[in-house]
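This is what each chain is made of:
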Amino acid sequence: MGASRDRTQHWLDRYPGLYRRRRDGIYYVRHPFTRKQGSLQTDDKETAIRRWAILQQIWEEERRAFDAELMAGNLSMCDPIDEANRITLRKYLHTWRTEYLGHSVVDGRTKWGKCTIFAKRGNNRGKPIALSTRTDYASDAQQLEASEGSDFLLADPQVLRRIRRLLSGWHTKPTHYNGLRNTLSRVFSHAVQDGLIDRNPMVDIEKLIEPKREVLIPDDVYADITTRLCVHNHNRRTKDGTWRAKICDLIYMMSQQPIDVFGLKEDQIKDDEGEFGEIHFARHKTGVAIALEMNQDLRELIDWFREWKRDQDIISPYLMVYPRYFDFRSRTKPVRHRYIQGVWAEACEEAGYRGQYQLRDLRKKGLTDEFVSQGENNKGGHETEAMRKHYRLIRPPERSKSTLKSLRDADRK
């Protein structure tokens, strides 16, 4: 910085940026933006003022040029040539959902077309994503499209702020928040491939920490809940709902994710394998192939479903189907996860356990009980040790046997 102005030189206040050195009286100036100093090489007041005025005119022209350049950069957002400056996230979400995901709604009914989005990992890498995944993506995309916060340009310079504002409504629901974040990441990644934007902004949006769920359903509570499922009040009539409780038994005994249980077909049951037969399937999430050897209880459960279908005169490749007392649209069709999830929640509320236990807890209970019963195993089909431990809520003590003898002769005698 330059030296402070002499008290006798108050007249310099009328000329911003003009100074005079005390030691030799030479005038100098300071640039209003860069703050760099430069000598005017004169100690004459009038000459210094003229030179300062010329510099002020040059600096003002520079400032105007800089403002024009800055404005041009801002106005480039409105350049009709750049497609990303004309497409909003809401519009691109709709395009991505309908054209790339193949999802549309016609007369209130969902229609699926060709999907051009492929799995990025696992054994399904390079294959079109599964229908269940497409359904989840489509649901997220529709929810985001309906949000007012999605009405901003893909090339908006404040895109991170816009995205955070868009997702802010789901901060209290970390699981759903992270799901929407993953869907947006897919969408922006596709926009990069389309050449609309240079990079995916979602890499700068952090996931929310999801609370770890460690709920082990007690045996008596499970029995209480499933007993209520055995009585089915349907259309003001009381029906035998044992089939609903048996489905919960199958989820527990197979200890798999619902999508792998509800999609089970009879041709996946190998009756001639092992003592009681085996169930062969591949985990939908990872593609890991599993051959589940059945014990007597699981064998009897599988046979119960087969006999129940015969009694209902139902022919279906799926093991679990709706009974014939359901309406025409549902009867004999495969049972949906959402339906059993709903009736489980209702039974929990009737039993006085509202909100305490969820249907998904049956998988964790099954894998925990299996670990306590048989020790180390990979019934869950997990590819990492960390995920195996995640589903084991009880760790029994490590057992061993002592076979050592005393090394001291006195103790031996």
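Structure: above.
Residues numbered from 1 in each chain as written. Predicted model: local features only at pLDDT ≥ 70, side-chain atom pairs only at ≥ 80, totals over all residues. Heavy atoms only, no water.

## With respect to the sheet that holds strand β1 (residues 18–20)
Step number 1: The three strands are arranged β1-β2-β3 in an open sheet whose pairing can be described as antiparallel. The two strands at the open ends of the sheet, each matched to only one other strand, are β1 and β3 (37–39). Strand-to-strand twist across the sheet, computed as the mean angle between neighbouring axes with direction ignored, equals 30°.
Step number 2: Examined bridge by bridge, strand β2 (residues 27–30) and β3 share three bridges and lie antiparallel to one another. Across the sheet, the residue bridging to arginine 30 is glutamine 37, located in β3. (Pairing = 2+ DSSP bridges. Helix = DSSP H or I, 4+ residues; strand = E, 2+ residues; numbered from the N terminus. Axes fitted to C-alpha atoms, helices over the stretch in contact; angles between N-to-C directions.)

## So, the pairing of strand β7 (residues 237–240)
Step number 1: Note that strand β6 (residues 231–234) and β7 share four bridges and pair antiparallel. Within β7, the position partnered with valine 231 by the bridge is aspartate 240.
Step number 2: The turn joining β6 and β7, which pair antiparallel and follow one another in sequence, is formed by two residues; a positive phi near 50° is taken by asparagine 235.

## Side note on the packing of aromatic side chains
Step number 1: Per the counting criterion, the structure on display carries 16 aromatic pairs.
Step number 2: Here the aromatic residues Trp243, Trp304, Phe305, Trp308, Tyr322, Tyr325, Phe326 and Tyr339 are joined through ring pairs into a cluster of three or more. (Phe/Tyr/Trp six-rings, centres within 6.5 Å; stacked < 30°, edge-to-face > 60°.)

## Describing the packing of helix α7 (residues 242–254) against helix α11 (residues 361–374)
Step number 1: Look at α7 against α11: their axes get within 7 Å of each other, and the N-to-C directions meet at 50°. Between α7 and α11, the angle falls in the class oblique. Between α7 and α11 the crossing geometry is right-handed. Of α11, the residues touching α7 (which contributes Cys248, Ile251 and Tyr252) are Leu362, Lys365, Gly366 and Asp369.
Step number 2: The residue makeup of the contact of α7 with α11, split by class, is four nonpolar, one polar and two charged. (Parallel < 35°, antiparallel > 145°, perpendicular 65-115°, else oblique. Left-handed = near helix turned anticlockwise from the far one by under 90°. Contact = heavy atoms within 4.5 Å. Nonpolar A, V, L, I, M, F, W, Y, C, P; charged D, E, K, R; others polar.)

## Here's the deal with helix α2 (residues 89–100)
Step number 1: Among all positions in α2, only Leu89, Tyr92, Leu93, Trp96, Arg97 and Tyr100 are buried. With its buried residues spanning 135° around the axis, α2 presents them on a single face. Set apart from the buried face of α2 by more than 90 degrees, the exposed residues are Lys91 and Glu99.
Step number 2: Structurally, α2 contributes buried residues whose contacts are with β4 (103–106), α3 (131–146), α4 (159–167) and α5 (174–193).
Step number 3: Of the residues trailing α2, glycine 102 is marked for its positive phi of about 80°. (Buried < 20%, exposed > 50% of the residue type's maximum accessible area, 1.4 Å probe, protein only. Arc of directions from axis to C-beta.)

## Considering unusual backbone geometry
Step number 1: In this structure, glutamine 41 takes a positive phi of about 55° despite not being glycine.
Step number 2: Structurally, glutamine 41 is set in the loop between β3 and α1 (45–75).
Step number 3: Positive phi values are uncommon outside glycine, yet arginine 236 reaches one of about 65°.
Step number 4: Assignment of secondary structure puts arginine 236 in the loop between β6 and β7.

## Brief notes about the sheet that holds strand β10 (residues 289–293)
Step number 1: The antiparallel open sheet is built from three strands, whose spatial order is β8-β9-β10. Two strands close off the open sheet at either side, each with one partner strand: β8 (269–270) and β10.
Step number 2: Bridge count between β8 and strand β9 (residues 278–282): two bridges; the pairing is antiparallel. Directly across from lysine 270, in β9, lies its bridge partner glutamate 278.

## Section: the nonpolar core
Step number 1: Ile247, Leu250, Ile279, Leu298, Met320, Trp344 and Tyr357 are the most contacted members of the largest nonpolar core, which has 47 residues in total.
Step number 2: Those elements giving two or more residues to this core turn out to be α6 (219–229), α7, α8 (258–262), β9, β10, α9 (296–311) and α10 (337–350).
Step number 3: Top contributing element to this core by residue count: α7, with eight residues.
Step number 4: Ranked by size, the runner-up nonpolar core spans 32 residues in total, among them Tyr92, Trp96, Cys115 and Tyr137. (Core = buried A, V, L, I, M, F, W, Y, C linked by side-chain atoms within 4.5 Å.)

## Notes on the pattern of salt bridges
Step number 1: Here the structure, examined in full by the defined rule, presents 16 salt bridges.
Step number 2: Through salt bridges with shared partners, one network takes in Glu266, Asp271, Arg299, Asp303, Arg306 and Lys309. (Salt bridge = Lys/Arg side-chain N within 4 Å of Asp/Glu carboxyl O.)

## Quick notes on α9
Step number 1: In this model, α9 (16 residues) spans 22 Å end to end at C-alpha, consistent with the 22 Å of a helix rising 1.5 Å per residue.
Step number 2: Every buried residue of α9 is accounted for by Leu298, Arg299, Leu301, Ile302, Phe305, Arg306, Trp308 and Lys309.
Step number 3: Packing partners of the buried residues in α9 comprise α7, β8, β9 and β10. (Expected span 1.5 Å × (residues − 1).)

## Some points on the environment of arginine 51
Step number 1: Following the sequence through the fold, arginine 51 ends up in helix α1.
Step number 2: Between the C-alpha atoms of arginine 51 and glutamine 41, which are ten residues apart in sequence, the distance is 9.9 Å.
Step number 3: Once residues lying within four places of it in the same chain are set aside, the contact partners of arginine 51 are Leu40, Gln41 and Thr42.

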